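# An overview of the molecular structure
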Amino acid sequence: MNSQTSTANRWIETILSLDESVRHRTLESLCMGLDSDALLHAVCELDVFRRDADNLYHRVRAHFFLSAIYRYYLPKTFPETQAGLLPYEAYQHILSRRFPEAIDQLLAVQKEQGPTLVIASALSRAYHQLGIQTLADQVRRSVRTVRGNQWMFRIGHPSEHPLRLNKELHQRDAATGDYPILCEKTSVRMDFSHSGWSDIFFLGMDYPEGARVLNASIDLGVYGRDATTRPPVEAYLRVIDRPVLRLVSTDLGVEAEITEIDDVFDFAKDYLGLLKSALIASGVVPPAMEGCHQKMSQLLKSLIGKEGLGLELVSKVNDIPKGSRLAVSTNLLGSLIAVLMRATGQVSALVGGLELQDQQLITARAILGEWLGGSGGGWQDSGGVWPGIKRIEGMLAGINDPESGISRGRLLPQHTILRDDRISEASRTALQNSLILIYGGMAQNVGPILEMVTEKYLVRAEKEWDARLDAQRIFEQIVVALEQGDIRRVAKLTTENFTGPLQTIIPWCTNRFTDSMIEQCRERWGGQFWGFLMLGGMSGGGMGFFFEPSVQAEARQWLLQTLVATKRELQTRLPFAMDPVVYDFAINDRGSWCEMLRSDEATMPDGYYAIVAPKLIRQDIRDLSEQSQRELMRLNRSCREGDGRARWLLDRLLPQAQIDSDAKSQLPEMLRVNGFDKTQHEQIRTDLLSGRIGLSENRLPRQTVIEDVSLDDMIDLREIGTSNSRSSDEAFLGRRAIEAGQVAVVSLAAGVGSRWTGGAGVVKGLHPFAKFAGKHRSFIEVHLAKSRLTSELYQCPVPHVFTTGYMTHAPMEKHLASVNNYDYPGQVLLSKGMSVGLRTIPTARDLRFFWEEMAHQVLDEQQQKVRESGHAAILGWAKSVGEASDYTDNLPQQCMHPVGHWYEIPNMLRNGLLHRMLNERPALKYLLLHNIDTLGANLNPLVLSKHIESGACLSFEVVGRRMEDRGGGLAVVDGKRRLLEGMAMPNDRDEFGLTFYSSMTTWIDIDQLLKAFRLDRTILGDTAMVENSVRAMAAKLPTYITIKDVKKRWGLGQEDVFPVTQFEKLWGDMSTLSDIRCEYIAVETMRGQQMKDPAQLDGWVRDGSAEYIHSLCKWS
Amino acid sequence: MEINQALITAAGPGQSALPLQRLVDRDGIEKTALEMILAKVVNAGIESVAIVISPGNEEAFRRAAGSHSDRVTFVTQSEPTGYGQAILCARSFLGVEPFLHLVGDHLYLSSQSKGCVKQLIEVAAAEGCSVSGVQATRETMLPFFGAIGGVRLPQTERLYEVKRVIEKPTPTKAEQELNIAGFRSGMYLCFFGMHVLTPASLEILDRLVATEKRPVSLAEALNELADRERYLALEIQGQRYNIGVKYGLLNTQLALSLSGVDRDRVLSDMVELLASQKLS
């Protein structure tokens, strides 16, 4: 056996071994000392192994090993010049989730051309996604095969429906004539231990020994609002006298009557997706009926056993915000499923508590419901259905379990309720007297974190694996401390868990907001602040703070004020969905509980009547059913009795002054002061409607010839590496220019970073996105730290300009003032944006083009269904509101848009900043322009030397393309070298023939640029002339129509994302102008890579990019 | 074990007229449903039969029993208080002997020369314990029947030891508790409406009725019986026909005729009917 074979066998041996010490070998130890050949041999062997492996987890682990080698190890072994090209077909396979085909094609190219950066990045992604897909498919299969769930996947026609509604529910009350109402009240769950996200199915099913949480059912009240605590979620069910399924969500204020069975499977049509999931998962509308094209009345007749009757399902959340990290949604789903299963005899008791086997069944169904709805939570989330405090643990799969032979662990965990004999009443009281639960108000997407955790576990990343073992040790200590009633120790341990293992596994689970709150607690309360507890997947949402019981009351008040104040301070930097909330809580010892409301008690919650009553009142009383008429009579009576309903009823029935008129009325003024051009806006609207402009019109004509550049046509610095060569002779010109004060840096920060925040409207530049030197740092702090190092190295303070826009200017100005420009030694200047656009409703044509013609990652089967159903709803919205009409139904800042980064340099001309800088520093000759998220861009003397030597007006930096670098690149277009935007490509395929991706970093020769604008230094102060020249230049450049996501926030932490149309002009198009001389410089990936999405952060740290950025910085 | 007596329940609400319905049997002779049931019972060697009826129906039932009326004892259930309660009405008639129990709204057609009742009685006599007739049934029919869970007896094809009985189970419960090895998914053994029961079943029913104060199903008592003594289920080779459901009487008549001497005539009548009728 040669050494290569033995290396490859080590990986397979690790995967297959039953010996824990071998099976848990870490990725780092396996890769240590391997050269390119050994790694390539290992990936070949692993690929062969994963194709034949029968065991699911063996296969999946091989996928993740392969992904990690291609992402983190192989690319370091070959030079950056091995950039290569990505086959378009392979890319299409990945987008369409045909991962095996993509892998085959990529491997064939790799075999033929040798390993390249782009192929390695694509293989890494394909293996990673195939691993996740395999796991998700298996969880879905396991959920289906749980006994008690299987039948629902066989019953495909309503006439075969095997469930019957309990007869008590369709027996009218003798006195009132009303049907009774079944009312389920359920707690939410709190997780004390966290235990390293070990409730992710993928972990629990492979490593049941390490999957454990301590989970408590809690009732909640909002501090300062509610007098007592109560179960936060409620579900109501009753028979109605019309053969429809009526769904009402009182918390979201929506209702719908469903007459077709297929509509139950249309999750994104309205806000009733959770209720629909419950109907399906409870078996009332079995999942196999999807697409049966039958009437709901037919199903109801089978189910109820009588013609003409229907069902009404109502959900209520007692004003607990979304995103509380207390699994409110899952427990509401559990509550809805419980009430439906009681009504159809699937659990033993119609009313009262639930038996153990019922709780297990509802847990299994809630998991099914979550997967059907495309959300997929953890296995502890429906803990509120169970009583009290319980230990939930993964279980090894037995021979009779459906998981046997597939995974080591069972899908469903084991619940052990820790009753009074384990955790005494005194301990529970002590806990309640110390812990304060809060909702921090941050809007978060935990999905990427769960994927990171899974991957790190499966490859046994070294630090993270040690941290996981540490978290398990802490978990057991938390249990003991709780049993002993030592809450101070519980607090110490949960804090230790958060600062130690959790942040080692996922550094992104904390943020500036959380750190600041913990610091403030320590400062204000000293030893009386006992500790911190993170709830859910990441901090910033649900959190717990332990205090000495004697100060708990005072601390609660202080905490609320401090949370709100801290949120106000950070709200332009971090995405908050709403103001923080402090809760009162109590442990619920009886679990989900159900009552039958009869006679006069048979009324729905208030929120229900607020939604339903106005609709009924507007109809002719004679057209209403008897039941509705009685309902209105009862409402009439209670209004007369003065219980407050009369007021809200009037509020809903009669027009009122618009409460939000203030915000709306600000829009015209904000547009005016920010340079909105109404004439141009109207022209764009007309052109959009007539089809002269639009997404498809962004593209160059089909006959345009797009070719890749030759390396002879550019300056290639990738091999020598820019950061290592700053002292070389070649860098002399650049060094001299910096030392002579001839250079300034311009960071573009006018945009709103739609992708970074998901359209949340916070300032990306101010986002404290990662820790450097032990502190969360924002993008602007990183950029200033690089300029600081440059200033010190070359003994010349570099002026640093941040361009701003309507949304970013004031927050950046305020923030920089508050941190004293981070003590930057040079000038920090803001260049204020001078123009703004007003977003419009997209046209149906553009929406269809966007969804159907442009490349998108197809989602997992169920999520894709939800997405497509959402598309239909959005098309309906666009048509009903009016295509190309102004988008004004949001905060003014969210209705406006920046008009593209091309304007940011012209803005420096228009607002006089460049004029001022040149007057103050006549030596200034060059600008380095870069995006806010290009973290590696700095004043590198070697690159600057090349720019100076070339004599170009603009030198654009480009990098070798990787899989994720989409959106344009360096091309030869009809014989001319230029940057080509992705949306201008005549065909999606064209981009895959281009080796280089544009990082947008540009070196500018100021005088040449002014000349191109028909200006010079002497006439920069002439405003009219500047305006004319900018307008003339703008006219030469194309205008792109784009569709961006914008968030609209409403209710308690609810967010909707809408696509809106906006236009932009882009800087890269300067390379198309014949009178501007351009040069192109290829630099190493780390210098040019952009940080577009928070999900990139983890890989960015692991591949050494963060360390590279740190090496370019000098912190204040 | 010898089985000499039978109990037929026909006192359920809406059930009292069903055994009086007239049908043409396999031999082309017109009879009441009750007469046909009694004929099967007598053919299986049963000496005496008790029929539980609602008040005021005795005369009609006696006439409907035809030639078998002299073997029949009528027991009246004064109020329709439940299925279990109906069986208990005949307790003094049944004494402490095992008995055959049938429901009055079902007719049974054997698919072999041996009648359905006889198949059941022979097994009960040989095994010396309670035996229920069962039939493999799709899960969609679960709302209509009691169902059993158990294990197949070694060396037998159609005999099962009953572990669990649930009246009209939901498919959720059935999947968790009534699975039988070797059965296709979604198929369960449901009652055929025919049982041979030991006196222990009456004792259990008696206690349940006394303690629960509500309508008690036979299935509840049989579930307890399975815990208490050996209790088997036999997959009957034949078909049951419920004459109490919509088109039940028509289907039963067709099944009788198509397996009897008038098969050709009925078939040709049906073809003629099919040819002459149009959808209105």
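Structural data are supplied above this passage.
The following refers to the structure shown. Owing to the predicted nature of the structure, the values given are computational and were not obtained by experimental measurement. (Residues numbered from 1 in each chain as written. Chains lettered and ligands numbered in written order. Predicted model: local features only at pLDDT ≥ 70, side-chain atom pairs only at ≥ 80, totals over all residues.)

### Comments concerning the overall build of chain A
Helix and strand counts for chain A stand at 39 helices and 31 strands. Expected size for 1116 residues packed as a compact globule is a radius of gyration near 32 Å; at 31 Å, chain A falls within 12% of this value. Expressed along its principal axes, the backbone C-alpha trace of chain A runs to roughly 95 × 80 × 65 Å. The buried share among the 1116 residues of chain A stands at 52%. Across chain A, every contact between residues at least 6 apart in sequence was considered, and the portion connecting residues at least 24 apart equals 81%. (Helix = DSSP H or I, 4+ residues; strand = E, 2+ residues; numbered from the N terminus. Rg over C-alpha atoms; globule rule 2.2 N^0.38 Å. Buried ≥ 20, exposed ≤ 12 C-beta atoms within 10 Å, placed from the backbone. Contact = placed C-beta atoms within 7 Å.)

### Quick look at the pairing of strand S18 (residues 768-772) of chain A
Residues and elements named next belong to chain A. Relative to strand S19 (residues 775-778), S18 runs antiparallel, the two being bridged by 4 bridges. Along S19, the bridge assignment pairs Phe772 with Lys775. In this structure, the hairpin formed by S18 and S19 is closed by a connection of 2 residues, where Ala773 is found at a positive phi of approximately 50°. (Pairing = 2+ DSSP bridges.)

### A short note on the sheet that holds strand S1 (residues 181-186) of chain A
Residues and elements named next belong to chain A. Read from one edge to the other, the open sheet built from 6 strands follows the order S6-S5-S7-S4-S1-S14, with strand pairing classed as mixed. Unpaired on one side and paired on the other, strand S6 (254-258) and strand S14 (593-597) mark the two borders of the sheet. Ignoring which end each strand starts from, the neighbouring axes of this sheet average 15° apart. In the sheet, S1 pairs with S14 via 5 bridges, with the strands oriented antiparallel. Residue pairing for S14: Glu184 is matched across the bridge by Cys594. Of the strands in this sheet, strand S5 (245-249) and strand S7 (310-317) touch helix H10 (residues 273-281), which is tilted by about 125° from S7. (Axes fitted to C-alpha atoms, helices over the stretch in contact; angles between N-to-C directions.)

### Brief notes about the packing of helix H1 (residues 33-43) of chain B against helix H2 (residues 58-65) of chain B
All names here are of chain B. Where H1 contacts H2, the two axes come as close as 7 Å, and the packing angle between them is 60°. By the criterion of interaxial angle, the relationship of H1 to H2 is oblique. When you trace H1 past H2, the crossing you get is right-handed. Of the residues in H2, those touching H1 at Leu34, Glu35 and Leu38 are Phe61, Ala64 and Ala65. (Parallel < 35°, antiparallel > 145°, perpendicular 65-115°, else oblique. Left-handed = near helix turned anticlockwise from the far one by under 90°.)

### Regarding the environment of A:Lys390
Residue and element names in this part refer to chain A. Mapped onto the elements, Lys390 comes out in strand S8 (residues 389-393). Residues Lys390 and Gln414, 24 residues apart in the sequence, show an inter-C-alpha distance of 9.7 Å. When sequence neighbours within four positions are dropped, the list of residues in contact with Lys390 reads Asn215, Gly383, His415, Thr416, Ile417 and Leu418.

### Let's talk about the interface of chain A and chain B
Contacts between the two partners involve 15 residues from chain A and, on the opposite side, 12 residues from chain B. Residue composition of the side of chain A that touches chain B, by class: 5 nonpolar, 6 polar and 4 charged. (Nonpolar A, V, L, I, M, F, W, Y, C, P; charged D, E, K, R; others polar.)

### A closer look at the environment of A:Asp251
Residues and elements named next belong to chain A. Within the secondary structure, Asp251 sits in the loop between S5 and S6. With 23 C-beta atoms counted inside 10 Å, the residue Asp251 sits in the buried group. Remark: the alpha-carbon pair of Asp251 and Tyr997, spanning 746 residues in sequence, is separated by 47 Å. In contact with Asp251, other than residues within four places in its own chain, are Ser315, Lys316, Val317 and Gly607.

### Side note on the sheet that holds strand S25 (residues 954-960) of chain A
Taken in spatial order, the 8 strands make up an open sheet running S16-S31-S25-S28-S24-S17-S20-S21 (chain A), and their pairing is mixed. The open sheet has two edge strands, strand S16 (715-716) and strand S21 (828-831) of chain A, and neither has a second partner.

### Things to note about helix H24 (residues 678-690) of chain A
Spanning 13 residues, H24(A) covers 18 Å between terminal C-alpha atoms, matching the ideal 18 Å at 1.5 Å per step. With its phi angle positive at about 85°, A:Gly691 sits one or two positions after the end of H24(A). (Expected span 1.5 Å × (residues − 1).)

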